[in-house]
Amino acid sequence: MKSYLFKNASELVTPKGTALKKGEEMRELTVIPNGCVITEGNRIKAVGGPEILQGLDEAEYIVIDCTGKTIMPGLVDSHTHFIFGGYRAEEFNWRLNGESYISIMERGGGIVASTKATRATSLDEFLEVGRKRLRSFANFGVTTVEGKSGYGLDKETELRQLEAMARLNQEDWIRIVPTYMGPHEIPAEFKGRPDDYIDFCLNEVLPEVKERGLATFCDIFTEKGVFNIEQSRKFLTAAREAGFGIRMHADELFAGFGGAELAGELKVTSADHLLKISEEGIKAMRDNNVCGTLLPLTAFSIKADYAPARKMVDMGMGVALATDLNPGSCYSESIPLLIALSTIYMGLRMEEVVTALTLNGAAALGLAEEKGSLEAGKLADIAVFDVPNHQFLTYHFGVNECVYTMSEGREVYRKQDIF
Ligand code: NIG
Ligand code: FE
């Protein structure tokens with residue numbers, strides 16, 4: 001693997017550390033003018049100003065001249081459902097015409113509609129569409145992406161979704177962190193029997209997921225009308241005992257359900273959405289070091305109120321930001337739009353957004369020791385943006401300024417004619 005030299009950046013910006021940043025720590029960034037990074041194999045060897053280039057024979061490196069540009073850690077998209085079959089464009093139009101996400105769900109649209117299409121999708125088709133979506137992530141500067149099953153719901157399709165992610169991981173592109181999310185919805189076969197479905201997930205599917213090493217995490221949709229607190233506690237506890245990391249979809253649609261409180265009680269790695277989180281929930285997550293992964297593109301898409309990000313950070317919680325790319329509530333992987341929403345509508349500062357999309361995203365996936373910051377020894381995940389400093393990423397809103405992406409020492413995106 002070739003070694004790289006990034007130099008002359010007008011700004012190099014990064015959080016530092018190996019764990020979730022909470023509250024005001026999220027604003028602590030290291031900013032280096034005239035920034036440089038040297039890689040060796042798949043790792044970062046040195047980070048600093050031009051002094052790190054002294055005595056170096058540049059001819060031995062692939063040189064990326066970042067004049068006028070900003071270098072950041074590769075972005076982490078810590079919540080997506082990027083392997084699915086079919087689309088639900090018509091539902092999107094129903095929503096534009098005034099129907100709510102919940103009412104569409106209640107009349108058999110929503111996840112259940114995607115389940116039908118996903119069951120009919122072959123492994124090869126997952127791979128083909130998966131590659132396309134990964135390429136799109138890489139073009140935004142994303143070097144690590146979490147991906148969930150949960151659109152098959154039956155054993156065969158859930159395993160096929162996970163198998164697709166395992167194969168894509170072997171293609172040495174951007175890193176995929178796979179999550180088994182059988183309890184994403186109650187399938188028609190188990191209608192009215194959520195407890196039986198949880199048992200099915202735990203007894204029939206999970207052992208094979210484990211045996212084949214197909215998932216790092218397990219996830220559940222804890223919500224009124226889907227899985228309640230007791231079912232969630234049972235599933236997550238058993239998944240942890242089986243050796244998986246655990247995470248949740250919590251407090252997305254209804255207030256007072258107690259998802260975030262359960263996240264704190266179980267000390268899950270991350271609880272996500274949190275549009276309706278209570279103050280008690282914020283405290284429970286903060287005090288137990290649970291990352292809150294916020295998904296502004298979803299709130300935008302379903303026209304819901306955004307998660308109270310400002311309040312969370314002011315109360316000392318650590319948050320990450322992710323896209324939630326999925327066929328229903330959020331068919332978008334747009335990092336520029338995500339940044340605009342999280343600053344303009346959620347009140348996060350750009351410094352906090354940088355941490356949320358890098359180190360805290362890595363922490364939300366249990367990878368903060370290896371990823372999420374530009375520091376010697378970490379994996380070489382690097383994104384270059386054609387802006388003079390990180391403030392421009394929200395100032396020039398909605399526009400993709402990423403021009404170069406490196407994932408674990410591999411070049412995965414280079415904008416034509418820019419270098
Ligand atoms: O994360 N909230 C639940 N699951 C997905 C939406 C799934 C869908 O509408 O297909 C989410 O937003
Ligand atoms: Fe989701």
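Worth saying up front: this structure is predicted, and the values here are computed from it rather than measured.

As for the environment of Ala59
Then step 1. Here Ala59 lies in the loop between β5 (43-48) and β6 (62-65).
Then step 2. What makes Ala59 exposed here is its relative accessible area of 71%.
Then step 3. Linking Ala59 and Tyr151, residues 92 residues apart in sequence, is a C-alpha distance of 49 Å.

Quick word on the site of ligand 1
Then step 1. Around ligand 1, the surrounding shell holds 15 residues, and the nearest of these are Arg88, Tyr101, Tyr151, Glu252 and Ser329.
Then step 2. Within the side chain of Asp324, one N or O atom sits 2.7 Å away from an oxygen atom of ligand 1.
Then step 3. Within the complex, 100% of the 330 Å² of free accessible area of ligand 1 lies under protein.
Then step 4. Residue composition of the shell around ligand 1, by class: four nonpolar, eight polar and three charged.

Examining helix α12 (residues 335-345)
Then step 1. For α12, a buried count of eight out of eleven residues is recorded, marking the element as mostly surrounded by other parts of the structure.
Then step 2. Buried residues of α12: Ile335, Pro336, Leu338, Ile339, Ala340, Leu341, Ser342 and Thr343, and no others.
Then step 3. On its buried face, α12 sits against β8 (75-77), β9 (142-148), α10 (296-301), β15 (319-321), α13 (350-357) and α15 (392-395).
Then step 4. N-capping of α12 is provided by Ser334, with a side-chain oxygen placed 3.1 Å from the backbone N of Leu337.
Then step 5. At the C-terminal side of α12, Gly347 shows a positive phi close to 75 degrees.

Observations concerning the coordination of the iron ion (ligand 2)
The expected angle between donors at a tetrahedral four-coordinate metal is 109.5 degrees. At an octahedral six-coordinate metal it is 90 or 180 degrees.
Then step 1. Here the iron ion (ligand 2) is held by the protein donor atoms His79 (NE2), His81 (NE2), His249 (NE2) and Asp324 (OD), which lie 2.0 to 2.5 Å from it.
Then step 2. Sequence spacing among the residues donating to the iron ion (ligand 2) works out to H-x1-H-x167-H-x74-D. Of this pair, His81 sits in the loop between β8 and α1 (89-96) while His249 sits in strand β12 (residues 245-250), placing them 168 residues apart in sequence.
Then step 3. On the basis of relative accessibility, which here comes to 1%, the residue His81 falls in the buried class.

Let's talk about the sheet that holds strand β3 (residues 30-32)
Then step 1. What the six strands build is an open sheet, ordered β3-β2-β7-β16-β17-β18; its pairing is mixed. Strand pairing shows two members of the sheet lacking a second neighbour, β3 and β18 (410-414), which therefore form its edges. Put simply, the sheet's adjacent strands are angled 15 degrees from each other on average, direction ignored.
Then step 2. As paired strands, strand β2 (residues 11-14) and strand β7 (residues 70-73) are joined by two bridges and run parallel to one another. Paired with Leu12 across the strands is Ile71, a residue of β7.

Details of the nonpolar core
Then step 1. Within the largest apolar cluster, 102 residues are counted, with the highest numbers of intra-cluster contacts made by Phe82, Tyr180 and Leu274.
Then step 2. With eight residues, helix α6 (residues 194-211) is the single largest residue contributor to this core.
Then step 3. Two domains each provide a minimum of three residues to this core, namely domain 1 (4-73 + 372-414) and domain 2 (76-364).
Then step 4. Leave out the neighbours within four places in its chain, and Tyr180 touches Ser149, Glu158, Leu162, Cys201, Val205, Leu206, Val209, Ala215, Phe217, Cys218, Asp219 and Phe235.
Then step 5. Leu12, Val37, Ile64 and Met406 belong to the second largest nonpolar core, which has 17 residues in total.

About the cut-offs
- Residues numbered from 1 in each chain as written.
- Chains lettered and ligands numbered in written order.
- Predicted model: local features only at pLDDT ≥ 70, side-chain atom pairs only at ≥ 80, totals over all residues.
- Heavy atoms only, no water.
- Helix = DSSP H or I, 4+ residues; strand = E, 2+ residues; numbered from the N terminus.
- Buried < 20%, exposed > 50% of the residue type's maximum accessible area, 1.4 Å probe, protein only.
- Near = heavy atom within 4 Å.
- Polar contact = N/O pair within 3.5 Å; in protein donor to acceptor, adjacent residues only side chain to side chain.
- Areas by Shrake-Rupley, 256 points an atom, 1.4 Å probe, with all protein chains shown as cover.
- Nonpolar A, V, L, I, M, F, W, Y, C, P; charged D, E, K, R; others polar.
- Contact = heavy atoms within 4.5 Å.
- Donors = N, O, S within 2.8 Å, 3.2 Å for Na, K, Ca; no water.
- Pairing = 2+ DSSP bridges.
- Axes fitted to C-alpha atoms, helices over the stretch in contact; angles between N-to-C directions.
- Core = buried A, V, L, I, M, F, W, Y, C linked by side-chain atoms within 4.5 Å.
- Domains from an automatic or database assignment.

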